[in-house]
Amino acid sequence: MPLVTPLDAEHDLETKKLAEFFNETLGFCPNSVLTMQRRPAISKAFINLNMAVMANEGKVTSALKRMIAWVSSNATGCRYCQAHAIRAAERYGAEQEQLDNIWEYRTHAAFNEAERAALDFSLAASQVPNAVDADIQKRLHEHWTEGEIVEMLGVISLFGYLNRWNDSMGTTLESDAIDSGNQYLGKHGFEVGKHV
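Residues numbered from 1 in each chain as written. Predicted model: local features only at pLDDT ≥ 70, side-chain atom pairs only at ≥ 80, totals over all residues. Heavy atoms only, no water.

Looking now at the side chain of Asn31. Looking at the element boundaries, Asn31 is found in helix H3 (residues 31-36). Reaching out from Asn31, the side chain makes a polar contact with the backbone oxygen of Thr172 at a distance of 2.8 Å. When neighbours within four sequence positions are excluded, Asn31 is seen to be in contact with Pro6, Tyr80, Thr171, Thr172 and Glu174. (Helix = DSSP H or I, 4+ residues; strand = E, 2+ residues; numbered from the N terminus. Polar contact = N/O pair within 3.5 Å; in protein donor to acceptor, adjacent residues only side chain to side chain. Contact = heavy atoms within 4.5 Å.)

On to unusual backbone geometry. It is generally the case that most residues other than glycine have a negative phi and that most peptide bonds are trans. Of note, the bond from Val128 into Pro129 is cis; its omega dihedral lies within 30 degrees of zero at 0 degrees. With respect to the helices and strands, the residue Pro129 is situated in the loop between helix H8 (113-125) and helix H9 (134-143).

Within the structure shown, the criterion is met by six aromatic pairs. Between Phe22 and Phe46 the ring centres are 6.4 Å apart and the planes differ by 10 degrees, which places this aromatic pair in the stacked class. Of this pair, Phe22 sits in helix H2 (residues 21-25) while Phe46 sits in helix H4 (residues 40-54), and the two are 24 residues apart along the sequence. In this arrangement the basic side chain of Lys59 is found over the ring face of Trp144, its NZ or CZ atom lying 5.3 Å from the centre. Looking at Arg66, its charged tip hangs above the ring of Tyr92, at a distance of 4.2 Å from the centre. (Phe/Tyr/Trp six-rings, centres within 6.5 Å; stacked < 30°, edge-to-face > 60°. Lys NZ or Arg CZ within 6 Å of the ring centre and 35° of its normal.)

We now examine empty space enclosed by the protein. In the structure shown here, the tally under the stated rule is one cavity of 30 Å³ or more. Computed from the structure, the largest cavity encloses a volume of approximately 190 Å³. Lining the largest cavity are 19 residues, with Leu26, Asn50, His84, Phe159 and Leu162 sitting closest to its centre. Counting only elements with at least two residues in the lining of the largest cavity, the list comes to H2, H4, helix H5 (62-76), helix H6 (79-91) and helix H10 (146-169). Sort the elements by how many residues they give to the lining of the largest cavity and H6 lands first, with five residues. (1 Å grid on protein atoms, 1.4 Å probe; cavity = no way out; pocket = protein on both sides within 12 Å on 5 of 7 lines; lining within 4 Å. Points joined across faces, edges and corners; volume = space filled by probe spheres on them.)

This part is about the pattern of salt bridges. The final tally for this structure, using the stated rule, is nine salt bridges. In this structure, the salt-bridge partner of Glu151 is Lys65, at a minimum N-O distance of 2.6 Å. You can see Glu151 sitting in helix H10 and its partner Lys65 sitting in helix H5, a full 86 residues away along the chain. We classify Lys65 as buried; its relative accessible area is 0%. A salt bridge links Asp120 to Arg139; its shortest N-O distance comes to 2.9 Å. Residue Asp120 is found in helix H8, and its partner Arg139 is found in helix H9; the two are separated by 19 residues along the sequence. Bridged by salt links that share partners, the residues Arg106, Asp120 and Arg139 form one connected network. (Salt bridge = Lys/Arg side-chain N within 4 Å of Asp/Glu carboxyl O. Buried < 20%, exposed > 50% of the residue type's maximum accessible area, 1.4 Å probe, protein only.)

This part takes up the nonpolar core. A general feature of soluble globular proteins is that nonpolar side chains tend to end up buried together. Ranked by internal contacts, the top residues of the largest apolar core, which has 58 residues, are Ile68 and Trp144. Considering each element in turn, this core owes the most residues, nine residues, to H10. With near-sequence residues (within four places) excluded, Ile68 lies in contact with Val60, Ala118, Leu119, Ser122, Met152, Val155 and Ile156. (Core = buried A, V, L, I, M, F, W, Y, C linked by side-chain atoms within 4.5 Å.)

Here it is, written out as structure tokens:
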């Protein structure tokens, strides 16, 4: 049972309108947003930040941004966000081979060196203490512009917020997200955990 129950999508019409963004991303409005709308200023600010972070202004694709989110969420252990991130990666056109082998991104042929650098950055930046070092910085600058690195860190930081929100709330995981989690992450022990 979640710490705070989500409100009906009709509770705040401004949030509902902004949340249409998630219909493309996930196919539904997430329970996390429905909980945030208990304080509509938070839900609206969060959705606007999410849209800004996920906008594509360089070579960082929508699919890669969602895989960055998955690596970050996996590092912190948030099952809710793992399922959402892998579902969104699928919906945004991540290659099937990448989805099936996301756990092996460091060695699997489906990932190129630029993607590996981005995903290693996500892993290092999501750890406490932070593990971003000179080697990661060098590899990032070999493949990505400074603006693209800002986009990636925006995703990592956004999911840092979401990982803490959803794990602390015990946000109920939606059935479509559970299906995606089971499909792509199940062979590595994915389970809903406290997000029932």
